[in-house]
Structures are given as C-alpha cells and as structure tokens.
Amino acid sequence: MLAGLMPEQASELAPRVDAIFLGLTAISAFIVLLVVGLVVAFSIRFRRGSKANRDALPNLVSREFEIGWTAATLFVFVFIFWWAASAEIRAFVAPKDAIEVHVVAKQWMWKTQSANGVREINELHVPVGAPVRLILTSQDVIHAFYVPAFRLKRDALPGQQTEAWFKATKTGTFHLLCTEYCGTDHARMLGRIVVMEPEDYARWLSAQPEGDDLAHQGERLFTARGCAGCHAPGSAVHAPDLAGLWGRAVQLAGGRTVTADGAYIRDSILQPKRDVVAGYEPIMPSYAGLLSDGEIQELTAYIRALGSGSRSSRRLGEPPLSSRVPGGPEARSPALVPGAPVTDTPTPAGPATRP
Amino acid sequence: MSADVAESPTALADRGELALGLPESYLAAGHTLGSWLTATDHKRIAILYAISITLFFFIGGAAATIVRLELFTPKADVVGADTYNKLFTLHGVVMVWFFLIPSIPTTLGNFLLPLMIGARDMAFPKLNLASWYLNIAGGILTASAMLAGGIDTGWTFYVPYSTVFSNTAVSLGVLGVFVAGFSTIATGVNVIATTHTLRAPGMTWFKLPLFVWAMYTTSLIFVLATPVLAVTLLLVLAERVFGLPIFDPARGGDPILFQHLFWFYSHPAVYIMILPAMGVISEVITCFARRRIFGYSFMVYALVAISVIGFFTWGHHMFTSGMSPFAALVFSFLSFIVAVPSAIKVFNWTATLYRGQIGFESPMLYALGFVGLFTVGGLTGLFLASIPIDVHVQDTYFVVAHFHYIMVGASVSAYFAGLHFWWPKVTGRMYPETWAKFSAILMFFGFNLTFFPQFIAGYLGMPRRYHVYPPEFQVWNVLSSAGAAVLAAAYLMPLGYLTWSVFFGERARNDPWNASGLEWRTTSPPPRENFLGKPEVLAMPYNYHPEGAPPIKDRPRVPAQGSLT
C-alpha cells in the first residue's frame with residue numbers, strides 16, 4: 001500500500017530520509033490520534049446532559065499534568081531533532097573520489113558539464129554506485145536542482161556556488177525538476193538523470209565526442225583574457241604564481257591566512273583588492289562583469305588542475321579538441337511533461353528593460 | 001430577582017425589557033456613509049475592516065479557484081504559464097497581506113479588546129481609523145498593480161527575479177504591501193498602548209482574557225518585525241526603481257540577504273496569523289465546555305514563548321540555499337523548540353474539555369475543527385524543521401499543505417469560530433444555527449479533502465508553482481481540486497446566512513452563550529461608550545462552572561449608572 005504513497009528510492013540518502021519521515025509520521029499519527037481521540041471521547045462523555053462526574057480537579061494534579069506533558073513534548077521533539085540532525089551531518093561532506101559535475105541553471109534549462117568534458121542539456125548521465133558531486137550556479141535567477149528519487153535538492157544561486165552530492169543506487173531515468181520559482185516557464189524547466197551500469201556508462205561516455213574539459217577551457221581563457229601576462233611563470237610582472245596554489249593556505253597582507261578554494265579564487269578574480277597576498281602589490285584589475293560564471297568556473301578548474309595534478313581524463317597541454325555534442329538537445333532530452341518545449345536556447349525573459 | 005434599584009439595565013435588556021434612558025447602540029449612532037468613514041469608534045472601525053477583508057478574501061479565493069481548476073489536469077488547458085503565475089501571486093499577496101495578517105486582529109481584536117478590558121475605546125482612536133485607511137490605500141495600490149498587468153513573482157518577491165528579471169508591475173505591488181505594513185504597525189502600537197493603559201480597575205495582567213494576551217503578543221510582533229519587512233521592500237524598490245545594486249549578484253549584491261531579511265519578518269508573520277486564532281479558540285472552548293481554561297498561566301507563557309522564540313527560526317526557510325551546516329542545525333533546533341509551547345496549548349484545550357459540560361453550538365464546532373487542523377499543521381511543521389526531510393519537501397506541495405493547514409485550516413477556522421461566537425454581540429442578532437453547524441462541518445471536510453492529498457503529492461515530489469506537472473501527480477491534484485469546490489461552498493455559505501441575519505435574524509440577548517467575559521456584561525450591540533457604568537473586575541477570568549458545581553460568586557461586575565461604583 002505504501003508503494004504508491006512513497007517516491008522511488010534511488011540514492012543512498014533516500015532510505016535514510018524515508019526512515020526519518022516514516023518515524024516522524026508514526027509519532028505524528030500517534031499524537032494526532034491521541035488528541036483527536038481525547039477530544040472525541042471527552043465530547044461524548046462530557047456532553048451537555050450526560051451524567052458524568054464534573055467535580056473540580058485538585059490543583060496539584062493539573063500542575064503535575066502540565067509539567068509532565070511539557071517535559072515529554074520537549075523530550076520527544078529534541079529526540080527527533082537529534083535523530084534528523086545526525087543523519088544530516090553524516091550526509092554533508094561529499095566523498096573525496098566523487099565525480100565532479102558542474103551545473104549551470106538558466107531560465108529555463110539545466111546545463112551540466114562533467115569534469116571529463118561531456119556537456120549535456122537538461123540531462124545528466126551518471127554511473128550507478130559512484131558518488132557524484134554537483135557544483136551549482138545560476139546565470140540569472142535562483143533555481144533549485146531537485147531530484148525527488150534521490151531526496152536531493154540544492155539551490156542554484158546566481159553569483160555564488162553551492163554544492164551537493166549523491167550516490168545513485170539504482171539504474172533508470174529520474175526526474176530533474178526546478179523547485180525555486182524562476183519565472184514564466186518554471187514548470188517546464190525539467191530534465192532527467194540517467195543512471196547507468198558502470199560498463200554502460202563507460203560505453204556511453206566513449207560514444208560522446210570528447211569535448212574540452214573545464215580545465216582546458218580555463219587554460220585557453222587564461223591566455224585569452226590576459227591572466228597569463230602576469231601570472232604565468234617567468235612573467236615580468238610581480239604576481240603570485242598559481243602552480244600548486246589549490247588547497248594551500250595563503251598568507252595575506254595584514255596577517256590573515258585563507259585557503260585557496262573555489263570561493264577564494266572567485267573573489268580574487270572579481271575583487272582582487274580585497275584579499276591581497278602578502279608581499280604583492282594590489283595591482284590586479286577586477287574582472288567583475290568581464291567574465292561569466294561559466295568562465296570563472298573554467299578558470300577555477302584550470303587553477304585547480306595546476307595544483308593538484310589533473311583529475312580529468314586527459315593531461316593538460318594536449319591540444320584542445322573541438323567541443324561538439326551531436327544530436328542536439330531535442331533528440332537527447334525528450335520532454336517529461338506533455339507540451340514541455342525543449343529548446344537549446346529558450347528566449348530569456350530578462351533582464352527587464354527599465355526606463 | 002425582583003426589579004429593585006440595584007438591578008442593572010443590562011439585566012433588563014437581557015430579558016428584552018429595554019429600560020428607558022439606555023443609550024442607543026453604536027450601530028444607531030449614525031446611518032450615513034460619512035458617519036462610518038469618519039468613525040473613530042473601535043467597533044465601527046472593526047466593521048469597516050470586516051467588510052474590506054471579506055472583499056479581499058473572496059478576491060484571493062477566486063484566484064485560488066482558478067489555480068485549482070488549472071491543476072485538475074497535468075496540461076495547461078485553463079490558463080497559460082504567465083496567467084497562472086500571476087494568479088498564484090495574486091492569491092498569495094492578497095490572502096497573506098490583506099486577509100490573514102489583518103483578519104482577527106483588526107476585526108475581532110478591534111471590536112473586542114476595549115470591551116474585554118473594560119475600556120471605552122482604543123488608546124488612539126484616530127490612529128485606529130488611519131490604520132484602516134492605510135490598509136485600504138495599500139490594497140488599492142496592490143489592486144492597481146493587478147490591473148496594470150499583474151505581478152508574477154509569488155508573494156515572497158524573491159530576488160533577483162523580482163528586482164531584475166520580472167517585467168510585471170512588481171514596484172506597484174511592493175509599494176502596496178509597504179503601505180499596508182504601516183497599517184499593521186499602527187494597529188500594534190494601538191493595541192499595546194490600550195492594553196497597558198486602559199484596563200479597568202481590577203483587571204490585572206493575570207486576569208486578562210487569553211484573547212487579549214494573544215492580541216498583545218501579536219502586536220509585539222507587529223511592532224518589532226514589520227519594520228524589517230518595510231526596509232526589505234524599500235530595498236527591493238530601490239533596486240527596481242533607482243537601479244541600486246543591493247540584491248543583484250551581477251553587480252555585487254546578495255540574493256540570500258533578501259531571504260534572511262524577508263523571513264525574519266515573514267516567519268514571525270505566521271505567528272501573527274496563528275496567535276490571535278489561539279486566543280479566539282481559548283475563549284470559545286472554555287465557554288462551551290463550561291470550565292475554566294486548563295492551565296491559564298501556562299497558556300499565557302506559551303503565547304509569550306511562541307512570539308519570542310518565533311523570531312529566531314526564520315532560517316529554516318533556507319536549508320537548501322547552501323547555508324552552513326552549523327547555522328542550519330541551530331535553526332532546526334529552535335524550530336523544534338518553538339513547537340513545544342504550541343503543543344502545550346493543544347493539550348490544555350483538550351484538558352479543558354475534561355469534566356466539562358460541552359455544548360456543540362457552531363462556534364464550538366469550528367473550534368474543535370481548529371484543534372484537529374492545528375495539530376496536523378503543527379506536527380507537519382516538525383517535518384520541515386528536520387533538515388533532511390525539509391531538503392526533500394522544500395518548495396513542494398508538502399510545504400503548501402503544511403502552511404495551509406496552519407494559515408487557512410487553523411487560522412480561518414478560528415476566525416469563523418470567533419465571528420460566530422461574537423456575532424450576536426457585534427450585530428445584536430442571532431444567525432441560523434443549523435446553517436452555521438452545517439457549514440462548519442462542511443468546511444472541515446472540504447479543507448481536509450483539499451489539502452491532505454497535497455502532503456502526499458509533495459512527498460512524492462510535486463513542486464509548487466507549477467501550472468503543468470508530470471502526469472503521475474494527477475490523482476492527488478484531482479482530489480485536491482474536488483475538495484476546493486467543497487471548501488468554496490463552505491466559505492460562501494456564512495456570507496449568505498450571516499448577511500441575512502443582520503436584517504432578519506432573531507434579536508440576540510446580551511449574553512446568549514452565558515459566557516463570562518466582560519464584553520458580555522453590556523448590551524448587544526454595545527452602546528457607543530461600551531459600558532453603562534465603570535466596569536470593575538473582581539473575578540478571575542473564565543469563571544465557568546458546569547451545572548451542579550458551586551454557584552458563581554465573583555463574576556465581573558458592571559454597576560448600573562447611578563448605583564455604587
């Protein structure tokens with residue numbers, strides 16, 4: 001009977017969430033039945049005209065009741081909090097070996113790109129049983145990446161990155177929905193997650209014409225946007241060397257230290273005057289408005305690749321390959337909802353033109 | 001008792017022997033439109049509010065009806081995407097800002113607060129009238145936004161969609177809500193000042209009726225939280241109209257800042273909607289159970305605790321926005337804690353019934369319905385306070401069902417309970433009881449049929465604000481839409497029979513329910529000055545005794561004019 005009332009479980013997280021949900025449902029059902037049962041029983045027993053005992057309660061009794069159920073409620077609620085919170089804490093950090101997928105949301109489509117360079121629109125293919133880490137951002141308004149079967153949801157925020165991860169436990173095709181209201185076609189901003197057996201996934205992957213991976217695009221940008229002029233090894237300008245930077249503690253002018261992570265790289269590109277590395281002049285111009293979110297992601301991936309050794313399938317420095325995914329999104333993303341349009345570039349609604 | 005000199009005129013009026021020289025009722029004090037629109041009498045202002053919020057209720061309800069009609073099928077066959085988005089925005093904006101928030105405080109609260117504490121009027125009668133005009137001005141601005149093409153942001157106005165991307169009349173609508181906000185601030189100031197300064201002799205803080213306590217704690221939220229909303233809306237206007245970079249991330253702004261500011265007001269606003277409802281229910285249950293409310297002082301502390309802790313739970317609206325796990329845990333914990341005083345109230349209402357002498361007149365039916373709906377709504381709040389479950393159901397129909405159980409199921413049931421309970425006092429007329437009982441029962445079943453399936457659809461993963469949806473969710477939506485039709489009928493019925501009763505209803509006695517509050521110690525409807533003499537309060541509140549129990553010795557007393565004071 002529960003089959004139709006519960007969503008499909010397709011991730012490692014799903015059974016844990018459902019367990020808390022069902023436990024909480026049982027406790028709630030008990031309390032509702034208790035309250036409704038007492039209300040109905042009292043209503044019948046003590047209805048006007050019945051011959052029930054209506055003497056006053058001793059004060060002591062009412063005080064004991066009051067303190068008793070306040071304490072019991074508090075205990076039950078704190079217990080549920082602890083139970084739910086412990087599950088949340090365990091699920092917070094993604095495993096180190098997770099496959100990394102960058103997701104860019106825009107009105108009204110999902111663009112995904114794996115670290116191995118495969119780009120998809122409104123689709124994401126992943127192997128079953130492997131942890132997948134999502135790095136989300138948005139090009140316009142706030143969206144939310146929601147896969148009900150995985151019990152997974154995370155907002156995609158413009159100008160910021162958020163992260164989430166999952167490990168699929170079941171092959172199949174699952175809804176990818178947008179749950180943060182994002183304008184006209186919010187309801188049609190749909191995609192699907194295709195979970196495949198590892199060997200099917202490998203076959204699918206090899207059938208994809210290889211695109212540039214993020215780090216390679218970042219490497220190209222690094223030169224094209226002039227970053228290399230100062231930051232390349234042997235440059236005449238005195239700028240911090242970026243090789244081996246990723247994940248390291250950086251000493252800032254003023255004594256603070258920060259860890260060179262995605263947020264730090266992003267801030268350094270957009271607000272270079274804010275956290276200046278000790279021993280360097282604040283001479284770098286801001287790139288705010290000159291680089292898109294996607295481009296910043298690519299540059300970050302490049303810097304990361306410089307530091308930690310290439311995590312992607314190919315080594316840096318090989319000639320970049322052209323980036324084409326055949327078939328077009330229409331062929332690859334059949335609409336999940338009747339009448340849902342799947343277009344490569346939907347007409348954007350904004351930004352609004354203001355007088 | 002023979003008619004001796006000490007018998008009060010109210011007692012005469014109770015028996016229908018209207019004594020000569022009784023002052024005429026507040027309703028008879030003037031019959032022109034002007035006499036109403038310039039009235040500073042709190043009772044007349046309450047009527048003005050009642051008329052305006054009823055209008056808003058049916059505007060918002062009409063929008064909801066079309067929304068439910070559209071969701072009958074998975075396809076967009078009634079309205080298109082843009083119209084649908086404007087309809088749910090209209091529904092949310094009107095219902096939240098112009099119906100739910102003002103509903104009980106400005107109508108029943110305005111009418112009853114001075115009567116319950118033995119005052120002649122509110123502390124600032126002209127400010128009270130100005131509040132109504134501000135509310136209407138806000139309503140007109142928002143309505144003109146709807147006429148100027150509508151708003152498609154949802155009632156939450158999330159940025160940067162509302163500031164940068166929406167091409168609709170957001171500025172006008174936001175301005176309307178901003179203006180209406182001042183109305184609630186003014187109402188709050190008025191209630192606080194009135195409660196502090198105008199209590200009758202003997203009306204100590206712990207003799208105040210719980211409805212007055214509820215109004216008082218609600219007003220604290222009005223005064224402390226609404227300015228934050230006002231600032232937030234001003235910032236939205238500044239970004240939209242003057243192009244200041246505040247929330248737009250493309251220019252260095254922070255969209256999450258908006259959410260913090262917005263929910264800092266809007267989560268306490270949920271308590272604005274439910275605290276007055278709790279006050280009404282406390283009055284009604286104790287009267288029809290004919291027992292003093294169980295644990296009066298705990299009921300007071302619970303109201304205060306809810307209003308205070310309610311300020312620290314706003315972050316549970318943002319668990320999916322990437323907030324730090326530590327912050328999320330703190331907000332989760334506080335959200336569980338705030339549920340404890342709510343649970344105490346439910347248990348105390350239930351315990352009040354024990355050893356009572358329960359009558360099932362329509363206000364009681366609404367109140368018992370409230371207890372059930374509020375329990376379900378409150379418990380599902382615990383689901384949303386649990387982070388892993390909230391992550392799954394955030395922005396799905398589970399959330400829609402949860403807050404409708406609290407804000408519509410509970411709050412509107414309480415509004416109807418109070419409306420029926422005090423209708424004889426307000427209008428001097430009785431309503432047809434059979435119709436009222438029927439609509440109370442219909443409302444309870446219609447409500448559950450509408451919103452319970454949404455819990456299931458939501459947990460299955462149906463997002464909110466979708467005009468088209470994956471077909472597997474259809475069965476739950478059909479049930480919900482069918483329930484909405486029942487609910488619409490149940491809401492229309494009181495409009496019909498209550499209006500009828502104003503003209504044709506049986507004349508009401510001063511105290512038709514044998515209730516204990518001070519408001520029943522004057523005529524129905526009350527005179528302009530509320531009481532004939534100066535009220536003096538000797539009794540503890542809720543001096544109800546089931547039949548056979550010792551006689552009532554210490555009812556609140558209103559001496560007749562000219563007698564002992």
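Residues numbered from 1 in each chain as written. Chains lettered and ligands numbered in written order. Predicted model: local features only at pLDDT ≥ 70, side-chain atom pairs only at ≥ 80, totals over all residues. Heavy atoms only, no water.

Scanning chain A for helices and strands turns up 8 helices and 12 strands. Sequence separation of at least 24 residues holds for 66% of the intrachain contacts in chain A that already meet a minimum separation of 6. (Helix = DSSP H or I, 4+ residues; strand = E, 2+ residues; numbered from the N terminus. Contact = heavy atoms within 4.5 Å.)

In many reports, interface size means the accessible area that the parts give up when they come together. Between chain B and chain A, the residue contacts involve 94 residues of the former and 82 residues of the latter. Around 7600 Å² of area is buried between chain B and chain A when both sides are counted, 69% of it from carbon and sulfur atoms. Interface area lost by chain B to chain A is led by B:Phe165, B:Arg355 and B:Tyr459, which between them contribute 9%. Inspection of the region where chain B meets chain A yields 1 salt bridge. Measuring nitrogen to oxygen at the nearest pair gives 3.2 Å for the salt bridge that ties A:Arg48 to B:Glu361. (Buried area = accessible area lost by both parts, 1.4 Å probe. Salt bridge = Lys/Arg side-chain N within 4 Å of Asp/Glu carboxyl O.)

Axis angle and axis distance: for two packed helices, these are the angle between their axes and the distance between the axes, and together they describe the pair. Residue and element names in this part refer to chain B. At a closest axis distance of 8 Å, the pairing of helix H15 (residues 397-427) and helix H16 (residues 433-460) adopts a crossing angle of 170 degrees. Our classification of the angle between H15 and H16 gives roughly antiparallel. The residues of H16 that touch H15, namely those facing Tyr397, Phe398, Val400, Ala401, His402, His404, Tyr405, Val408, Gly409, Phe416 and His420, are Ala436, Met443, Phe447, Asn448, Phe451, Phe452, Gln454, Phe455, Gly458 and Tyr459. Partitioned by chemical class, the residues of the contact of H15 with H16 number 14 nonpolar, 7 polar and no charged. (Axes fitted to C-alpha atoms, helices over the stretch in contact; angles between N-to-C directions. Parallel < 35°, antiparallel > 145°, perpendicular 65-115°, else oblique. Nonpolar A, V, L, I, M, F, W, Y, C, P; charged D, E, K, R; others polar.)

All names here are of chain A. Domain parsing of chain A yields domain 1 (2-92), domain 2 (99-206) and domain 3 (214-336). Spacing between the C-alpha centres of domain 1 and domain 2 amounts to 37 Å. At the interface, 12 residues of domain 1 touch 9 residues of domain 2. Around 1000 Å² of area is buried between domain 1 and domain 2 when both sides are counted, 48% of it from carbon and sulfur atoms. Seen at the junction of domain 1 and domain 2, the total is 3 salt bridges. We note a salt bridge from lysine 170 to glutamate 8, for which the minimum N-O separation is 3.1 Å. For the side of domain 1 that touches domain 2, the class distribution of residues is 7 nonpolar, 2 polar and 3 charged. (Domains from an automatic or database assignment.)

Cross-referencing UniProt, the feature "domain: Cytochrome oxidase subunit I profile" (unreviewed entry) maps to residues 36-538 of chain B in the present numbering. Annotated as residues 36-538 of chain B, this span is 70% helix and 0% strand, and its ends, taken at the C-alpha atoms, are 35 Å apart. (UniProt positions renumbered as here; feature names shortened; annotations may be inferred.)

Turning our attention to the pattern of salt bridges. Per the stated rule, a full pass over the model turns up 17 salt bridges over all chains. A:Asp185 is the partner of A:Arg188 in a salt bridge, and the nearest nitrogen-oxygen pair spans 3.7 Å. Assessed through its relative accessible area of 17%, A:Arg188 is described here as buried. When the shortest N-O distance is used, the salt bridge between A:Arg203 and A:Asp200 registers 3.2 Å. Taken together, the residues span about one helical turn, with A:Arg203 and A:Asp200 both in helix H3 (residues 198-207) at a distance of 3 residues. When salt bridges that share partners are traced, they join B:Asp41, B:Lys43, B:Asp121 and B:Arg528 into one network. (Buried < 20%, exposed > 50% of the residue type's maximum accessible area, 1.4 Å probe, protein only.)

Here helix H2 (residues 59-90) of chain A contains 32 residues, and its C-alpha end-to-end distance of 47 Å stays within 8% of the 46 Å for a straight helix at 1.5 Å per residue. Of all the positions in H2(A), only A:Ser62, A:Glu66, A:Trp69, A:Thr73, A:Phe77, A:Ile80, A:Phe81, A:Ala84, A:Ala85, A:Ala87 and A:Glu88 are classed as buried. Elements in contact with the buried residues of H2(A): helix H1 (13-45) of chain A together with helix H11 (296-309), helix H12 (325-353), helix H13 (362-385) and helix H14 (387-393) of chain B. (Expected span 1.5 Å × (residues − 1).)

Right, let's talk about the packing of aromatic side chains for a bit. Within a pair of aromatic rings, the relevant descriptors are the distance that separates the centres and the angle that separates the planes. The tally for this structure, following the rule as stated, stands at 69 aromatic pairs over all chains. Where B:Trp205 meets B:Trp213, the ring centres are 5.5 Å apart and the plane angle is 50 degrees; that geometry is what we call tilted. Among the residues examined, B:Trp213 registers a relative accessible area of 8% and is labelled buried. Ring plane angle 65 degrees and centroid distance 4.9 Å describe the contact between B:Trp314 and B:Phe331, whose orientation is recorded as edge-to-face. Highlighted residues: B:Trp314 in the loop between H11 and H12 and B:Phe331 in helix H12, separated in sequence by 17 residues. Comparing B:Trp314 with B:Phe331 shows no difference in burial state: the two are buried. Feature note: the residues A:Phe21, B:Phe383, B:Phe398, B:Tyr405, B:Phe447, B:Phe451, B:Phe452, B:Phe455 and B:Tyr459 constitute an aromatic cluster, connected by ring pairs. The ring of A:Tyr146 is capped by A:Lys153, whose NZ or CZ atom sits 4.0 Å from the centre of that ring. (Phe/Tyr/Trp six-rings, centres within 6.5 Å; stacked < 30°, edge-to-face > 60°. Lys NZ or Arg CZ within 6 Å of the ring centre and 35° of its normal.)

For the rest of this paragraph, the subject is the nonpolar core. Grouped together as the largest cluster of nonpolar side chains are 255 residues, with contacts concentrated most on A:Leu134, A:Phe145, A:Phe150, A:Ile193, B:Trp97, B:Trp349 and B:Phe370. Once you skip the residues sitting within four places of it in the chain, B:Phe370 turns out to touch B:Ile274, B:Ala277, B:Met278, B:Ile281, B:Trp349, B:Ala410, B:Ser413 and B:Ala414. Judged by nonpolar contacts, the second largest core, of 20 residues, contains A:Tyr264, A:Ile269, A:Tyr287 and A:Tyr302. (Core = buried A, V, L, I, M, F, W, Y, C linked by side-chain atoms within 4.5 Å.)

Time to look at empty space enclosed by the protein. Residues and elements named next belong to chain B. Per the stated rule, a full pass over the model turns up 5 cavities of 30 Å³ or more. Within this model, the largest cavity holds a volume of roughly 180 Å³. Forming the boundary of the largest cavity are 20 residues, of which Pro209, Ser516, Gly517, Leu518 and Pro541 lie nearest the centre. For the lining of the largest cavity, the residue count by class is 14 nonpolar, 3 polar and 3 charged. Of the volumes computed, that of the second largest cavity is approximately 60 Å³. (1 Å grid on protein atoms, 1.4 Å probe; cavity = no way out; pocket = protein on both sides within 12 Å on 5 of 7 lines; lining within 4 Å. Points joined across faces, edges and corners; volume = space filled by probe spheres on them.)

Residue and element names in this part refer to chain A. You can see valine 194 is positioned in strand E10 (residues 190-196). In this structure the C-alpha to C-alpha distance between valine 194 and arginine 54, which are 140 residues apart in sequence, comes to 66 Å. Look past the residues within four positions of valine 194 in its chain and what remains in contact with it is Leu124, His125, Val126, Gly172 and Thr173.

Residue and element names in this part refer to chain A. In space, the 5 strands of this open sheet follow the order E3-E2-E1-E5-E8, with mixed pairing throughout. Among the strands making up the open sheet, the edge pair consists of strand E3 (119-121) and strand E8 (162-167). Neighbouring strand axes in the sheet, compared pairwise and without regard to direction, differ in orientation by 25 degrees on average. The pairing of strand E1 (residues 99-106) with strand E5 (residues 131-138) spans 7 bridges and is classified as parallel. Bridging across to E5, valine 101 finds its partner in leucine 134. (Pairing = 2+ DSSP bridges.)

This next bit is on the UniProt feature "transmembrane region" (unreviewed entry) in chain A. Residues and elements named next belong to chain A. The UniProt feature table records "transmembrane region" (unreviewed entry) at residues 20-44 and 65-85. Across residues 20-44 one finds 100% helix and 0% strand; the C-alpha atoms that close the span lie 36 Å apart. Taken as a whole, residues 65-85 contains 100% helix and 0% strand, while its terminal C-alpha atoms sit 30 Å from one another.

It is worth spelling out the environment of B:Val223 at this point. All names here are of chain B. As for its position among the elements, valine 223 is in helix H9 (residues 210-242). Taking C-alpha positions, valine 223 is 9.9 Å from glycine 181, a pair spaced 42 residues apart along the chain. Leaving out residues up to four positions away in the same chain, valine 223 has contacts with Ile185, Gly188, Val189 and Ile192.

As a further point, take a nonpolar patch on the surface. Together, B:Trp500, B:Val502, B:Phe503 and B:Phe504 line one region of the surface with nonpolar side chains, adding up to about 450 Å² of accessible area. If you trace the backbone, B:Phe504 turns up in helix H17 (residues 474-504). (Patch = residues over 30% accessible without salt bridge, like charges linked within 9 Å, V, L, I, M, F, W, Y side chains within 5 Å. Areas by Shrake-Rupley, 256 points an atom, 1.4 Å probe, with all protein chains shown as cover.)

Negative phi characterises most residues that are not glycine, and trans characterises most peptide bonds. Backbone torsion omega between A:Gln107 and A:Trp108 reads -5 degrees, so that peptide bond is classified as cis. Take A:Trp108: it is sitting in the loop between E1 and strand E2 (109-114). Going from B:Val159 to B:Pro160, the amide bond is cis rather than trans, its omega being -5 degrees. Topologically, B:Pro160 is positioned in the loop between helix H6 (125-147) and helix H7 (161-165). With a phi close to 55 degrees, A:Arg151 is a non-glycine residue in the positive phi region. Mapped onto the elements of the fold, A:Arg151 is located in the loop between strand E6 (143-147) and strand E7 (152-156). One non-glycine residue, B:Asp395, lies in positive phi territory at about 60 degrees. Counting through the fold element by element, B:Asp395 comes out in the loop between H14 and H15. B:Asp395 gets classed as buried once you look at its relative accessible area, which sits at 6%.

Residue and element names in this part refer to chain B. Of the residues in chain B, 93% have a pLDDT of 70 or more, and the chain-wide mean is 91. Across residues 1-9, where pLDDT falls below 50, the model places 9 contacts with residues more than four positions away in sequence or in other chains. Contacts of residues 560-565 to residues separated by more than four positions or lying in other chains number 8 contacts, the stretch itself having pLDDT below 50. Across the assembled chains, the prediction reports ipTM 0.89 with pTM 0.83. (pLDDT = per-residue confidence, 0-100.)

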